[in-house]
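Descriptive analysis of the structure
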Amino acid sequence: MDKLEAKIGYRFHNRELLRTALTHSSYANERHSAPCQSYERLEFLGDSILGLMTAEFLFNHEPSLPEGRMTRLRAELVCEASLHRVALKLDLGRYMRLGRGEENTGGRQRPSILADMVEAIIAALYLDSGMEECRRFVNEMILKDAEISDAHRTADYKTQLQELVQRKSDQHISYTMTGESGPDHNKTFSFSVSINGVVAGQGSGRTKKEAEQMAAMQALEALQK
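Now for a look at the structure at hand. The structure displayed is predicted, hence computed values, not measured ones.

What counts and what doesn't
Residues numbered from 1 in each chain as written. Predicted model: local features only at pLDDT ≥ 70, side-chain atom pairs only at ≥ 80, totals over all residues. Heavy atoms only, no water. Helix = DSSP H or I, 4+ residues; strand = E, 2+ residues; numbered from the N terminus. Contact = heavy atoms within 4.5 Å. Areas by Shrake-Rupley, 256 points an atom, 1.4 Å probe, with all protein chains shown as cover. Lys, Arg positive; Asp, Glu negative; His and termini not counted. Charge placed at Lys NZ, Arg CZ, Asp CG, Glu CD. Salt bridge = Lys/Arg side-chain N within 4 Å of Asp/Glu carboxyl O. Buried < 20%, exposed > 50% of the residue type's maximum accessible area, 1.4 Å probe, protein only. Phe/Tyr/Trp six-rings, centres within 6.5 Å; stacked < 30°, edge-to-face > 60°. Expected span 1.5 Å × (residues − 1). Axes fitted to C-alpha atoms, helices over the stretch in contact; angles between N-to-C directions. Parallel < 35°, antiparallel > 145°, perpendicular 65-115°, else oblique. Nonpolar A, V, L, I, M, F, W, Y, C, P; charged D, E, K, R; others polar.

1. Observations regarding the overall build of the chain
When its secondary structure is counted, the chain shows 12 helices and three strands. Principal-axis analysis of the C-alpha atoms gives the chain an extent of 65 × 40 × 25 Å. The contacts of the chain with a sequence gap of at least 6 include a subset with a gap of at least 24, amounting to 55%. Accessible surface, the chain: about 12300 Å² in total, of which carbon and sulfur atoms supply 49%. Here the chain contributes 29 positive and 32 negative side-chain charges, whose respective centroids are spaced 3 Å apart.

This is the structure:
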């Protein structure tokens, strides 16, 4: 526990919270003689805290972003892959408590479990110390190196979508403007993207190009689930 706390940058007053955050349900279910809780309830709380702090970060640091873009960026920042990277940085696989079956099937390296445990640790920090310690951890581990730059905002999702769809023959992509609002100097455009006539994603932006990119991004997210 000392080594993990050093990596987290915080010493728990109630270490049982940290132990619970590292306990998979397979382990808890096997402990008939000494019952314990799994991380699942903590993960539920941590997911909400992480969402709030990421939304707060985007709201304060990216004042020009529209709501739809912030929503997509938040999803990207708190996705499984992002949390898995944090888990690897903390070497959580070394500390988690797993049941025999989960251990034998590679649970210690499973990205979904590791990502869930990061959210559980966020909740454990909140319950042990409050929001400020959570904010420090989230900022240092997740948001500090977030690539919210001009290059990131203009990622070519349209090309990525085209390349993905073209893997199958007879697939056709089309973009349609579905609306525009605001004064001439500050317009917001809305677009949808369809694959073979079926709407696959929708997006909005300050320019038609950005709106198309956001629609393509939503379509990519849906197709890659």
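2. Quick word on the pattern of salt bridges
Scanning the model with the defined rule gives 13 salt bridges in all. Here D2 makes a salt bridge to R15, at a shortest N to O gap of 2.3 Å. With a gap of 13 residues between them, D2 in helix α1 (residues 2–8) and R15 in helix α2 (residues 15–21) connect regions that are remote in the sequence. The class of R15 is partly exposed, set by a relative accessible area of 21%. Between R15 and E5 there is a salt bridge whose closest N-O contact spans 2.8 Å. On the criterion of sequence distance, the pair formed by R15 in helix α2 and E5 in helix α1 is long-range, its members being 10 residues apart. Judged by its relative accessible area of 3%, E5 is buried. A single salt-bridge network, built from bridges that share partners, covers D2, E5, R11 and R15.

3. A few points about the environment of L92
Its place among the elements puts L92 in the loop between α6 (80–90) and α7 (100–104). Along the chain, L92 and A115 lie 23 residues apart, while their C-alpha atoms are 9.6 Å from each other. The residues contacting L92, other than those within four sequence positions of it, are L4, L22, A87, L114, M117, V118 and I121.

4. Description of the packing of aromatic side chains
What the rule picks out here adds up to one aromatic pair. Each ring, one from Y10 and one from F12, has its centre 5.0 Å from the other, and the planes form 80 degrees; the classification is edge-to-face. Taking the relative accessible area as the measure of exposure, F12 reaches 5% and is therefore buried.

5. Focus: the environment of K158
With respect to the helices and strands, the residue K158 is situated in helix α11 (residues 157–165). For the pair formed by K158 and E212, sequence separation is 54 residues and the distance between their alpha carbons is 7.4 Å. Every residue in contact with K158, bar those within four places of it in the chain, is listed here: Y175, E212, Q213 and A216.

6. Notes on unusual backbone geometry
Phi is positive for D91, close to 60 degrees, though the residue is something other than glycine. Considering the arrangement of structural elements, one finds D91 in the loop between α6 and α7. Here D91 falls in the partly exposed class, since its relative accessible area comes to 31%. Here the phi dihedral of N196 falls at roughly 55 degrees; this positive angle occurs in a residue that is not glycine. With respect to the helices and strands, the residue N196 is situated in the loop between β2 (188–195) and β3 (198–205).

7. Section: helix α9 (residues 131–143)
A rise of 1.5 Å per residue sets the reference length of α9, with its 13 residues, at 18 Å; its end C-alpha atoms lie only 15 Å apart and thus fall more than 12% short of the reference. Within α9, burial applies to E133, C134, F137, V138, M141, I142 and L143. Of the surrounding elements, those touching the buried residues of α9 are α1, α4 (40–61), α5 (67–77), α6 and α8 (111–129).

8. Some thoughts on the packing of α8 against α9
Two elements in contact, α8 and α9, have axes whose closest approach is 7 Å; the angle formed by their N-to-C orientations is 150 degrees. Classified by the angle between their axes, α8 and α9 sit roughly antiparallel to one another. Of the residues in α9, those in contact with V118, I121, I122, L125, Y126 and S129 of α8 are M131, E133, C134, F137 and V138. Looking at the contact of α8 with α9, its residues break down into nine nonpolar, one polar and one charged.

9. Some thoughts on α6
Because each turn of an α-helix spans 3.6 residues, side chains separated by three or four positions end up pointing in the same direction. Among the residues making up α6, those that are buried are S82, L83, H84, V86, A87 and L90. Of the residues trailing α6, D91 is marked for its positive phi of about 60 degrees.

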